[in-house]
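# Structure assessment
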Amino acid sequence: MSHDRITWIRLSSCYLPLATPISDAKVLTGRQKPMTEIAMLFAEVETKDGHRGLGFSYSKRAGGPGQFAHAKEVAPALLGEDPSDIARLWTKLCWAGASVGRSGMGVQAIGAFDVALYDLKARRAGLSLAKLLGAQRESVRCYNTSGGFLHTPIDQLKVNAAASIERGIGGIKLKVGQPDGKIDIQRVEAVRQHLGDHVPIMVDANQQWDRPTAQRMCRIFEQFNLVWIEEPLDAYDHEGHAALAATFDTPIATGEMLTSAAEHGDLIRHRAADYLMPDAPRVGGITPFLKIAAQAEHAGLMLGPHFAMELHVHLGAIYPTEPWVEHFDWLEPLFNERLEIAGGRMLVPTRPGLGLSLSEQARSWTRETAEVGERA
């Protein structure tokens, strides 16, 4: 029986500025404004015996203050608890804030604690998170998104794509969903011709199309031998996505906007994806992510976790079939360590836990902190 107990927690609300405002299809249609920053929620957990863990969650455009406030409100529920009881503690935190629901902002705040407890457990064991959970591989395929946004001109798109492949990244994702679909076709065709037939290319419509438009665009895109077509429809249109997945050879990818294991379960039951794209911080941490992955494996789905490569490189490494992990370098300034890329693959860190520590830059971007308990 473990006698170690959680004695101290520090929460930090950190805002990561983006060098260039980011636009996708939702911006062009006026649904959203360009993204200029990412709100990060960090949780640092320490125990009586001196073990520590670091976890994080995030939000884009809005929600950062809400996540921080909810995390601060439920954090005291962890004090005095055994840090190894991660699943039980997830449930305890969830019920501590149950009146705001078991998805969305409430569980995203819990996710930072959940990741921190897994990081602590792996560090204490002297294992990387992937090894603790049971790794299938020591590297994962990775693809780049950050060079393919809609605001990028075609010539620059080709330069960015070629530079990513030269750097050792394995695939390229391009944003689509222009008001004029012909522009989407021109952009995809230009990059395919520039890179050649052998380079994996994905496209992402960010929920932009209605069902007839999605049918037409998916049919046209068949000729480009894409790895997948991502979010052609609204994230909750499981029937529509299922129809596309059943109709076309090109795989359909979706799931990144869902915010619980239950929502992913509904998507899986509808057979609405060939590639499932869960986001561990967005669904509430590693505990629900593992439940989603188990359902996806049973359904025979492929996996492409969304964003947060610093975490998903570990979670991708434990999935039975070869996943694709999204390479975004946006979060790199927050940490002292860097992921290694080679031969189209991302190497799983061998350092204990996540293998991450917060940088001085992250501390300087922190707008608010809160502590509960006392340090050992």
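Residues numbered from 1 in each chain as written. Predicted model: local features only at pLDDT ≥ 70, side-chain atom pairs only at ≥ 80, totals over all residues. Heavy atoms only, no water.

## Quick notes on the overall build of the chain
Short version of the rule: Each helix corresponds to a stretch of at least 4 residues labelled H or I by DSSP, and each strand to a stretch of at least 2 residues labelled E; elements are numbered beginning at the N terminus. Note on method: radius of gyration uses C-alpha positions; expected globular size equals 2.2 Å times residues raised to 0.38. Any two residues having at least one pair of non-hydrogen atoms within 4.5 Å are treated as being in contact. For accessible areas, the Shrake-Rupley method is used with a probe of radius 1.4 Å. Any residue's cover is judged against the shown protein chains and nothing else. This count recognises Lys and Arg as positive and Asp and Glu as negative, with His and chain-terminal groups excluded. For this purpose, a charge sits on NZ of Lys, CZ of Arg, CG of Asp or CD of Glu.
Looking only at helices and strands, one finds 14 helices and 14 strands in the chain. Taking 376 residues into account, the globule formula puts the C-alpha radius of gyration at 21 Å, and the chain, at 20 Å, falls close to it. Across its three principal directions, the C-alpha atoms of the chain cover 60 × 40 × 40 Å. A separation of at least 24 residues holds for 72% of the contacts in the chain among residues at least 6 apart in sequence. With the model as given, the accessible surface of the chain reaches about 14,600 Å², and the carbon-plus-sulfur share is 50%. In the chain, which carries 39 positive and 45 negative side-chain charges, the distance between the mean positions of the two groups comes to 2 Å.

## Quick word on the pattern of salt bridges
So the rule is basically this: What makes a salt bridge here is a side-chain nitrogen of Lys or Arg within 4 Å of a carboxyl oxygen of Asp or Glu, nothing more. In this scheme, a residue with accessible area under 20% of its type's maximum is buried, one over 50% is exposed, and one in between is partly exposed, where area comes from a 1.4 Å probe on protein chains only.
What the rule picks out here adds up to 24 salt bridges. E371 is the partner of R10 in a salt bridge, and the nearest nitrogen-oxygen pair spans 4.0 Å. Taken together, the residues span a long stretch of sequence, with R10 in strand β1 (residues 6-22) and E371 in strand β14 (residues 366-373) at a distance of 361 residues. The buried category is assigned to R10, whose relative accessible area is 18%.

## Focus: the side chain of E230
To keep things clear, this is the line we draw: Identification of polar contacts relies on pairs of N or O atoms within 3.5 Å, with a donor-acceptor requirement for protein atoms, meaning one able to donate a hydrogen and the other able to accept it, and with residues adjacent in sequence counted only if both atoms are side-chain atoms.
When you line up the elements, E230 lands in strand β7 (residues 229-230). The buried category is assigned to E230, whose relative accessible area is 0%. Within polar-contact distance, the side chain of E230 engages the side chain of K173 at 2.8 Å. Look past the residues within four positions of E230 in its chain and what remains in contact with it is K173, V203, D204, A205, N206, A253, E256 and M277.

## Looking at unusual backbone geometry
The backbone phi angle of Q207 is positive, close to 65°, even though this residue is not glycine. Among the structural elements, Q207 can be located in the loop between β6 (201-204) and α8 (211-221). The phi torsion at N225 lies on the positive side, around 50°, for a residue other than glycine. Along the chain, N225 falls in the loop between α8 and β7. N225 gets classed as exposed once you look at its relative accessible area, which sits at 56%.

## As for the packing of helix α3 (residues 86-96) against helix α4 (residues 105-125)
Rule in force here: Axis definition: a line fitted to C-alpha atoms, limited for helices to the stretch in contact. Angles are taken between N-to-C directions and run from 0 to 180 degrees. Angle categories are assigned with fixed cut-offs, so that under 35 degrees is roughly parallel, over 145 is roughly antiparallel, 65 to 115 is roughly perpendicular, and the rest are oblique. By the definition used in this description, the sense in which the near helix is turned from the far one sets the handedness, with an anticlockwise turn below a right angle giving left-handed and a clockwise turn giving right-handed. All amino acids are sorted into three groups, where Ala, Val, Leu, Ile, Met, Phe, Trp, Tyr, Cys and Pro are nonpolar, Asp, Glu, Lys and Arg are charged, and the leftover types, Gly among them, are polar.
It is the contact of α3 with α4, at a shortest axis distance of 10 Å, that shows an interaxial angle of 160°. With respect to α4, the element α3 is oriented roughly antiparallel. Where α3 crosses over α4, the handedness of that crossing is right-handed. Counted together, I86, L89, W90, L93 and C94 of α3 and V107, I110, F113, D114, L117, Y118 and K121 of α4 form the full contact between these two elements. Of the residues assigned to the contact of α3 with α4, the class counts are ten nonpolar, no polar and two charged.

## Some details on the environment of A190
Note on placement: A190 falls in helix α7 (residues 181-195). Residue classification places A190 among the buried residues on the basis of a relative accessible area of 16%. Each C-alpha atom, one on A190 and one on K173, is 13 Å from the other, the two residues being 17 residues apart in sequence. Excluding residues that lie within four positions of it along the chain, A190 makes contacts with I154 and K158.

## With respect to the packing of aromatic side chains
Rule in force here: Stacked, tilted and edge-to-face pairs are distinguished by plane angle, under 30 degrees for stacked and over 60 for edge-to-face with tilted covering the rest, among Phe, Tyr and Trp rings (Trp via its six-membered ring) whose centres lie within 6.5 Å.
Summed over the entire model, instances satisfying the criterion amount to 13 aromatic pairs. Between Y143 and W228, the ring centres sit 5.2 Å apart and the planes meet at 90°, which makes this aromatic pair edge-to-face. A residue pair is termed long-range when its members are at least 10 positions apart, and Y143 in strand β4 (residues 139-144) and W228 in the loop between α8 and β7 qualify at 85 residues. When its relative accessible area of 0% is taken as the criterion, Y143 is described as buried. Classification of W228 as buried rests on a relative accessible area of 0%. Centroid distance F328 to W330: 4.4 Å. Interplanar angle 55°. Geometry classified as tilted. The two residues F328 and W330 agree in class, both being buried. Feature note: the residues Y58, F149, F307, F328 and W330 constitute an aromatic cluster, connected by ring pairs.

## A closer look at the packing of α4 against helix α12 (residues 286-298)
Running from N to C, α4 and α12 cross one another at 90°; their axes reach a closest spacing of 8 Å. Judged by the angle between their axes, α4 and α12 are roughly perpendicular. Of the residues in α12, those in contact with D114, V115 and Y118 of α4 are I286, T287 and L290. Class assignment for the residues of the contact of α4 with α12 results in four nonpolar, one polar and one charged.

## Details of the pairing of β4
Worth spelling out the cut-off: Two strands make a pair as long as DSSP finds a minimum of two bridges between them.
Extensive coverage of β4 is indicated by the burial of five of its six residues. In this structure, β4 lies alongside strand β13 (residues 345-347), joined through three bridges in antiparallel fashion. Bridge assignment links R141 to a residue of β13, and that residue is R345. The pairing of β4 with strand β11 (residues 324-327) spans four bridges and is classified as parallel. Following the sheet pairing, C142 is matched in β11 by V325.

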